[in-house]
Amino acid sequence: QQQVKQSPQSLIVQKGGISIINCAYENTAFDYFPWYQQFPGKGPALLIAIRPDVSEKKEGRFTISFNKSAKQFSLHIMDSQPGDSATYFCAAKKDGNNRLAFGKGNQVVVIP
Amino acid sequence: GAVVSQHPSRVICKSGTSVKIECRSLDFQATTMFWYRQFPKQSLMLMATSNEGSKATYEQGVEKDKFLINHASLTLSTLTVTSAHPEDSSFYICSAPPPRTAQETQYFGPGTRLLVL
């Protein structure tokens, strides 16, 4: 059972545009929501994360928007660059439990 | 940030042989480490949780005799794929949570590409 559902499956964005990836979760016990960036042949790297007590978190060109009532959160990549082309995974975990539930991933391609 | 390394980065072996993959936390101690496998264009699938000083906890459907895990020290966990077959070919990734887990999540290793011929 997929505890975290991610959409769209893939995304093509022009350089300078905004990439938006959405995730939805079922388990209301989740209280930590990280996004990971993975390049081909590499391990995932933590990009940005949020807790449900805030509705938005911004770090540089990356922003997480969180909607607790809808059980949804999204990643926005502003001013997308070709170097942002990667696979992005959303995830969720419960406090006190290190196990991560991953979404299926989204391949983002930024074209020049 | 915390660093997790894996060795080897890639390995090719013949069917029937065993392969050992190491996962090390370089600047912190990890009583728990996680092992994932990832098929092309798919998400990470948790295989097992490695526990220092005790047996690993395997996810449903993962053969513990096939994938042997040993958490030898607070900085090292090993995954041994025994009697490897072509269907075991995959990308294996380990991760470890840093000490202050209330605020942070896992740090992932760079992965090990296994190809079984």
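Residues numbered from 1 in each chain as written. Chains lettered and ligands numbered in written order. Predicted model: local features only at pLDDT ≥ 70, side-chain atom pairs only at ≥ 80, totals over all residues. Heavy atoms only, no water.

A.B. asks: Looking at this structure, how should I read the state of the cysteines?
C.D. replies: In the structure shown here, the tally under the stated rule is two disulfides over all chains. A disulfide bridge connects Cys23 of chain A with Cys90 of chain A, and the sulfur atoms are separated by 1.7 Å. Handedness of the Cys23 of chain A-Cys90 of chain A disulfide follows from its S-S torsion of about -85°: it is left-handed. One end of the pair, Cys23 of chain A, is in strand β3 (residues 19-25); the other, Cys90 of chain A, is in strand β9 (residues 86-94), and 67 residues separate them in sequence. Residue class for Cys23 of chain A comes out buried when judged on its relative accessible area of 2%. There is a disulfide in this structure between Cys23 of chain B and Cys94 of chain B, and the S-S distance comes to 2.0 Å. Negative torsions about the S-S bond denote left-handed disulfides, and the value of about 80° found for Cys23 of chain B with Cys94 of chain B makes this one right-handed. Here Cys23 of chain B, found in strand β3 (residues 19-25), pairs with Cys94 of chain B, found in strand β9 (residues 90-96); they are 71 residues apart in sequence, far enough to count as distant. The same class applies to Cys23 of chain B as to Cys94 of chain B, namely buried. (Disulfide = S-S within 2.5 Å. Helix = DSSP H or I, 4+ residues; strand = E, 2+ residues; numbered from the N terminus. Buried < 20%, exposed > 50% of the residue type's maximum accessible area, 1.4 Å probe, protein only.)

A.B. asks: Can you help me understand the interface of chain A and chain B in this one?
C.D. replies: Reports often express the size of an interface as the amount of accessible area lost when the parts come together. Contact residues are listed per partner, giving 20 residues for chain A and 23 residues for chain B. Summing the contributions of chain A and of chain B, the shared interface buries around 1,600 Å²; its carbon and sulfur component is 51%. Applying the counting criterion to the chain A and chain B interface returns one salt bridge. Arg99 of chain A serves as the salt-bridge partner of Glu59 of chain B, at 2.6 Å between the closest nitrogen and oxygen. Breaking the side of chain A that touches chain B down by element, the ones donating at least two residues are β4 (30-38) and β9 of chain A. (Contact = heavy atoms within 4.5 Å. Buried area = accessible area lost by both parts, 1.4 Å probe. Salt bridge = Lys/Arg side-chain N within 4 Å of Asp/Glu carboxyl O.)

A.B. asks: Could you clarify how one ought to interpret the confidence of the model for chain A in this entry?
C.D. replies: Close reading of the predicted structure is inappropriate where its pLDDT is low. On average, residues of chain A score 93 in pLDDT, and 99% of them reach the 70 mark or higher. Here strand β1 (residues 4-7) of chain A stands out as the least confident element of chain A, with mean pLDDT 91; strand β8 (residues 72-77) of chain A is the most confident, with 97. (pLDDT = per-residue confidence, 0-100.)

A.B. asks: Where do I start with the environment of Gly41 of chain A in this structure?
C.D. replies: Tracing the backbone shows Gly41 of chain A in the loop between β4 and β5 (45-50). On a C-alpha basis, the gap between Gly41 of chain A and Ile18 of chain A in space is 25 Å, while along the polypeptide they are 23 residues apart. Excluding anything up to four places from it in sequence, Gly41 of chain A contacts Phe91, Pro110 and Arg113 of chain B.

A.B. asks: Got a minute to help me understand the packing of aromatic side chains in this structure?
C.D. replies: Pairs of aromatic rings are described using the distance from one ring centre to the other and the angle between the two planes. All names here are of chain A. Tallying each qualifying case throughout the model produces 15 aromatic pairs over all chains. A centroid spacing of 6.2 Å and a plane angle of 90° characterise the contact between Phe89 and Phe102, whose relative ring orientation is edge-to-face. With Phe89 in strand β9 and Phe102 in strand β10 (residues 101-102), the pair connects residues that are 13 residues apart, well separated along the chain. An aromatic cluster of at least three residues, connected via ring pairs, comprises Tyr25, Phe30, Phe33, Trp35, Phe66 and Phe73. (Phe/Tyr/Trp six-rings, centres within 6.5 Å; stacked < 30°, edge-to-face > 60°.)

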